[in-house]
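Chain residues, written in single-letter form:
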Amino acid sequence: MKKHELSDEFRRLNDPSNYVTRAEKRHRGYYFERFLFSLLESEGLEPSTNYRPEGEEIDGSFRLDGRIFLLEAKWHDKPMPASAIYSFKGKVDGKLCGTIGLFISMSGYGPDAAGALIRGKDLNTLLLDRADIESALSETSSFRDILNERLRTAAQFGIVYRDQKAEDASHWQVEQSVDSFLLDFGLDSGVKIYADQIIREGPCTCKRTACVGHQEKVYCYFAIWLSEWVVTTGLYWQCYDEQVECERIGCGLIHPRGHTGKLGICNAPYTDQRRQTDEV
Ligand SMILES: [Zn+2]
Ligand SMILES: [Zn+2]
Ligand SMILES: [Zn+2]
C-alpha cells in the first residue's frame, strides 16, 4: 500500500460512524492490526502476524535493521492500564536478549503505565500511541523514523514513552526516573529541561478523571523557573488554564482553575497564599 492509501485507511478507521455497535468496535481492533501490518510491510519491516509462542498471544512481530520487535496493538476506548503493559513486558522478557516489545495503544496509557516499564529489570519495551501513528503517516516522517528516534531516546535516557500532546516545557510527561540527565525533547518546542531543575512531579491535581486535552491523568514535571504559585497548584498547564466555576464558597466567578483562591483574582482568596490553604 502507498502512503496516501494508508492515510485513507487510517482515516476510515478513525471514523466513529463505522463503530457504533459492540461487534463493530471489536472489529476495529482487527482492522487496526491489519492496517499496522500494511504500514510495516510498506516500509520493508517484514511483519508477520499471529506469532504465538507456547500459547501466548502476541499480535505480531517485525524486523528493523536485524532487530526483532514483538508487537501488541490495542484500540480500546479507555487508556491502557499498567497491568496490560506489565503482562506484555512479561512476554517480551522471556525472549531472546535484544528482542524489543512495542506496544501501540490508540487510547493512550494510564498514569503509571510507562513507570511500570522503567522500574522493571530490563528496559525492553516501548510505548507508542495515536500521535506516533499520525506522525508516521505524515509526509515528512515514517514508522522507521519514529521507531529509530524512540530507540535512541530509550537508550540514552531510559524514556519509553513520550506524550506528544504534553508540550509545555514545565509539564513534560517523560516518565523517567530522573537523575542528572538532560531531558531534551526539543522536537516540538526546542525547550530543554535538566532533571535537577525539576522541583515537583506527580499526576495533575485536578479533580477531572482525565486532564484537559488528554484521555488520562497527566503526569507532570514542574521546573524550578516556574512561579511558586504554579508549582504549588500541582496542575497540568491545560488544566490550570481551563476556565471553571470557582469551587470556593463566596467566589462565584468563572476563572482559570489555577487561579482558585489567588489573591487579586479569586473573590475568596486563601488566607495562606504561599501554601494555598485556609488552614493555619
Ligand atoms: Zn488535570
Ligand atoms: Zn496523555
Ligand atoms: Zn475563585
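Everything numeric here is computed off the predicted structure, so don't read it as measured data.

**Student:** Sorry if this is basic, but what is going on with the packing of helix α1 (residues 3-14) against helix α2 (residues 22-42) here?
**Tutor:** Between two packed helices, the angle of one axis relative to the other and the distance separating the axes together describe the packing. Between α1 and α2, the least distance of the axes is 11 Å, while the angle of their chain directions is 165°. In terms of axis orientation, α1 runs roughly antiparallel to α2. The way α1 lies across α2 gives a crossing that is left-handed. From α1, L6, E9, F10 and L13 reach across to α2, where they touch R28, Y31, F32, F35, S38, L39 and S42. Across the contact of α1 with α2, the residue classes break down as seven nonpolar, two polar and two charged.

**Student:** How do you make sense of the packing of aromatic side chains when you look at a structure like this?
**Tutor:** Where two aromatic rings form a pair, the distance of their centres and the angle of their planes describe that pair. Applying the stated rule across the entire model yields nine aromatic pairs. Judged by centre distance (5.5 Å) and plane angle (75°), the rings of F88 and F103 are edge-to-face. Of the two residues, F88 sits in helix α3 (residues 82-93) while F103 sits in strand β4 (residues 100-105), which places them 15 residues apart along the sequence. Overall, F103 belongs to the buried group, its relative accessible area being 0%. Lying over the aromatic face of Y19, R28 brings its terminal NZ or CZ to 5.4 Å of the ring centre.

**Student:** Is there a simple way to think about the pattern of salt bridges in this case?
**Tutor:** Where charged atoms from two side chains of opposite charge come close, those side chains can pair. For the coordinates displayed, the defined rule picks out 17 salt bridges. Between E149 and R150 there is a salt bridge, with its nearest N and O atoms 3.7 Å apart. Since its relative accessible area comes to 3%, R150 is described here as buried. The partner of E242 in a salt bridge is R208, and the shortest N-O contact between them spans 2.7 Å. One end of the pair, E242, is in the loop between α8 (237-241) and β10 (243-245); the other, R208, is in the loop between β8 (198-203) and β9 (219-223), and 34 residues separate them in sequence. Looking at E242, the relative accessible area reads 24%, which means it is partly exposed. By sharing partners, the salt bridges in this structure join E72, K74 and K91 into a single network.

**Student:** Explain the packing of α1 against helix α5 (residues 130-137) here, please?
**Tutor:** Following both chains from N to C, one finds α1 and α5 inclined at 150°, their axes separated by 10 Å at the closest point. Relative to α5, the element α1 is oriented roughly antiparallel. Contact residues: K3, L6, S7, F10 and N14 in α1; R130, I133, E134, A136 and L137 in α5. Residues belonging to the contact of α1 with α5 are distributed by class as follows: five nonpolar, two polar and three charged.

Cut-offs used in this document
For every chain, the first residue of its written sequence is number 1, and the numbers climb from 1 along that sequence. Each chain is given a letter, starting from A, and each ligand a number, starting from 1, according to the order in which they appear as written. The model is predicted, so local features are restricted to residues of pLDDT at least 70 and side-chain atom pairs to those at 80 or more, both for listing and for counting; the totals for chains, interfaces and linings are taken over all residues. Side-chain numbers come from the whole structure's heavy atoms, not from hydrogens or water. Angles here are taken between N-to-C directions and fall from 0 to 180 degrees, while the axes themselves are lines fitted to C-alpha atoms, restricted in helices to the stretch in contact. Runs of H or I in DSSP of at least four residues are treated as helices and runs of E of at least two as strands, each being numbered from the N terminus. Our angle categories are set so that under 35 degrees counts as roughly parallel, over 145 as roughly antiparallel, 65 to 115 as roughly perpendicular, and the remainder as oblique. Crossing handedness is defined as follows: a turn of the near helix away from the far one that is anticlockwise and smaller than a right angle gives a left-handed crossing, while the clockwise case is right-handed. In what follows, a contact means two residues having at least one pair of non-hydrogen atoms within 4.5 Å. Gly is put with the polar residues, along with every residue not named as nonpolar or charged; the nonpolar set is Ala, Val, Leu, Ile, Met, Phe, Trp, Tyr, Cys and Pro, and the charged set is Asp, Glu, Lys and Arg. Stacked, tilted and edge-to-face are the three classes applied to pairs of Phe, Tyr and Trp rings, where Trp contributes its six-membered ring and a pair requires centres within 6.5 Å; stacked means planes under 30 degrees apart, edge-to-face means over 60, and tilted covers the rest. Buried, partly exposed and exposed residues are distinguished by accessible area as a fraction of the type maximum, computed with a 1.4 Å probe on protein chains only: under 20%, between the cut-offs, and over 50%, respectively. Sitting over a ring, as applied to charges here, requires NZ of Lys or CZ of Arg to be within 6 Å of the ring centre and within 35 degrees of the ring normal. Between Lys or Arg on one side and Asp or Glu on the other, a salt bridge is scored when a side-chain nitrogen of the former is within 4 Å of a carboxyl oxygen of the latter.

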